[in-house]
Amino acid sequence: MGDTVGMLFHVAPLADWAAEPTAPYRPATLATEGFVHCSADRETALRIADTHFRAVPGPLLVLVLDEARLAAEVRWAGPFPHVYGPVERAAVTEVLEVLRGTDGRAPGLVPWR
């Protein structure tokens, strides 16, 4: 499924992740689509950042989620996991920053902070 068993990867603008630092994370798609989009590995998360977030201003993060720590149900739609509820911050085991070129392309990931 992914490069780390039980781990999910979610691309998030830093502004969204930092908006309510003590509350569970609720990206806009949770309200509009009913779930949080994730991927099964770092490489796919990086491709998603490069393809769908290139024009999003500011830093981009990849949140590494431990599926076992999520209270919400996780359902797979083909190769992509969807989290059907907010993401508890305790479920985030690692935060990576998406490296971005001047053209917005995302060539890699590094530990955040």
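Above this text sits the structure in question.
Nothing here was measured: the structure is a model prediction, and the numbers come from that model.

Basis of the calculations
Residues numbered from 1 in each chain as written. Predicted model: local features only at pLDDT ≥ 70, side-chain atom pairs only at ≥ 80, totals over all residues. Heavy atoms only, no water. Core = buried A, V, L, I, M, F, W, Y, C linked by side-chain atoms within 4.5 Å. Buried < 20%, exposed > 50% of the residue type's maximum accessible area, 1.4 Å probe, protein only. Helix = DSSP H or I, 4+ residues; strand = E, 2+ residues; numbered from the N terminus. Contact = heavy atoms within 4.5 Å. Salt bridge = Lys/Arg side-chain N within 4 Å of Asp/Glu carboxyl O. Pairing = 2+ DSSP bridges. Axes fitted to C-alpha atoms, helices over the stretch in contact; angles between N-to-C directions. Polar contact = N/O pair within 3.5 Å; in protein donor to acceptor, adjacent residues only side chain to side chain.

1. Some thoughts on the nonpolar core
When a protein is soluble and globular, its nonpolar side chains tend to lie buried together.
Right, so step 1: Ranked by size, the top nonpolar core spans 18 residues in total, and within it Leu8, Leu63, Leu65, Leu70, Val83, Val87 and Val92 carry the most contacts.
Right, so step 2: Breaking this core down by element, the ones donating at least two residues are strand E1 (7–13), strand E3 (60–66) and strand E6 (92–99).
Right, so step 3: Broken down by element, the residue count for this core peaks at three residues, all from E3.
Right, so step 4: Setting aside anything within four residues of it in sequence, one finds Val92 in contact with Trp17, Leu63, Val64, Leu65 and Val87.

2. Examining the pattern of salt bridges
Right, so step 1: Taken as a whole and judged by the stated rule, the model has five salt bridges.
Right, so step 2: A salt bridge links Asp50 to Arg54, with the nearest nitrogen and oxygen atoms 3.2 Å apart.
Right, so step 3: When its relative accessible area of 17% is taken as the criterion, Asp50 is described as buried.
Right, so step 4: Relative accessible area serves as the criterion here: at 31%, Arg54 is assigned to the partly exposed category.

3. Looking at the sheet that holds strand E7 (residues 108–111)
Right, so step 1: Taken in spatial order, the four strands of this open sheet run E1-E3-E6-E7, and their pairing is antiparallel. Edge positions in the sheet fall to E1 and E7, since each of these pairs with one other strand and no more. On average, each strand axis in the sheet is tilted by 35° relative to the strand beside it, whichever way the strands run.
Right, so step 2: Here E6 pairs with E7 via four bridges, running antiparallel. When the bridges of E7 are listed, Glu97 appears paired with Val110.

4. Overview of the pairing of strand E4 (residues 74–77)
Right, so step 1: Pairing between E4 and strand E5 (residues 80–83): four bridges, direction antiparallel. Among the inter-strand pairings, Trp76 is bridged to a residue of E5, identified as Pro81.
Right, so step 2: In sequence, E4 turns back onto E5 through a hairpin of two residues, with Gly78 there showing a positive phi of about 65°.

5. Quick notes on the side chain of His10
Right, so step 1: Note that His10 resides in strand E1.
Right, so step 2: A polar contact is formed between the side chain of His10 and the backbone oxygen of His37, at a distance of 2.6 Å.

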